[in-house]
Amino acid sequence: MATFLDELPPEARERLQPLLSGKWTLPGDHPLAAHDGRRLGDYRLLVLLGPKNNVGSRYFRLFLTDQGGCLGEPPLALGLYGAGPFPAYNWVELVRYEPAVSFGGVRLDLPAAALDLPLFQALSELVPAGGHIMCEYDSPGQQATARILTLGYPPVTSPLGFLMFQAGARSYRDWYISEGGREGPRKLQGYKPLNEEIARDKTEKLRRELVELLSRPENAAHGRWNDVARRLGQLALDQLDREEAPASG
């Protein structure tokens, strides 16, 4: 059966051969296969599956390809996919996320090109209600999220938190201290509500948090991080207002 890999030029397939000759495979009938070849603007995702970790979660790699089939450098993400019989056992984690990749020296910044949201929406499709998305914020590309969370702003007002919000998350956990190194890098966890009752409760708590933040005087000492957090906070609050508008009309 033809795969997206078969569509790529020989040099791209050759670059992936060391992985495919080892512990990495094509996605086959795994749920991640639904995103192999998926378009992100003028680019497409390529998915490889890796081994399972010690608790049975499956590693995966995401690459971006341009219109000519050239692979972006570095890989877009290294992740873990967890699945189980209960909603909370289903999740996706980006252990490493590189929001900027290069194609033959031409740099693509996903946030600047508005391609980070469709990526997180694609990841969210893999997670049912009651599941969650996680993403590290220790790498250089996540500096803004790291600074905003360290300064005590609500997670939704960080770039990663806002992406998770747009992809369906309504509550968060900030893994800002790794448990003896066993939990890996610092990461943000966004939960999708299990049902409408939980969604209403989490949304109301999120709304109160945002209103409280935006009603406070600006903190000039936090410089541009204050500006970013308040801007994203206002965007999140505006989205919540739009979501509630039909019910109140």
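Please read all numbers here as calculations on a predicted model, not as lab measurements. (Residues numbered from 1 in each chain as written. Predicted model: local features only at pLDDT ≥ 70, side-chain atom pairs only at ≥ 80, totals over all residues. Heavy atoms only, no water.)

1. Section: unusual backbone geometry
For the bond running from Glu73 to Pro74, omega is 0°, close enough to zero to count as cis. Mapped onto the fold, Pro74 is located in the loop between β3 (58-65) and β4 (77-82). (Helix = DSSP H or I, 4+ residues; strand = E, 2+ residues; numbered from the N terminus.)

2. A short note on the packing of aromatic side chains
For the structure on display, the rule yields 4 aromatic pairs. When the centroid spacing of 5.4 Å and the interplanar angle of 90° are considered together, the rings of Phe86 and Tyr89 count as edge-to-face. Judged by its relative accessible area of 48%, Phe86 falls in the partly exposed class. The exposure class assigned to Tyr89 is partly exposed, which follows from its relative accessible area of 46%. Directly above the aromatic system of Trp24 lies the positively charged group of Arg61, at a separation of 4.7 Å from the ring centroid. (Phe/Tyr/Trp six-rings, centres within 6.5 Å; stacked < 30°, edge-to-face > 60°. Buried < 20%, exposed > 50% of the residue type's maximum accessible area, 1.4 Å probe, protein only. Lys NZ or Arg CZ within 6 Å of the ring centre and 35° of its normal.)

3. Details of the confidence of the model for the protein
Within the protein, residue pLDDT values average 93, and 95% of them lie at 70 or more. Taken element by element, the predicted model of the protein shows its lowest mean pLDDT in helix α6 (residues 223-248) (90) and its highest in helix α4 (residues 159-166) (98). (pLDDT = per-residue confidence, 0-100.)

4. Description of the packing of helix α2 (residues 116-125) against α4
Contact geometry of α2 with α4 gives a least axis separation of 9 Å together with a crossing angle of 55°. One element, α2, and the other, α4, form an angle in the oblique class. The hand of the α2/α4 crossing is right-handed. Along its contact with α2, which presents Asp116, Leu117, Phe120 and Gln121, the element α4 presents Leu160, Leu163, Met164 and Gln166. (Axes fitted to C-alpha atoms, helices over the stretch in contact; angles between N-to-C directions. Parallel < 35°, antiparallel > 145°, perpendicular 65-115°, else oblique. Left-handed = near helix turned anticlockwise from the far one by under 90°. Contact = heavy atoms within 4.5 Å.)

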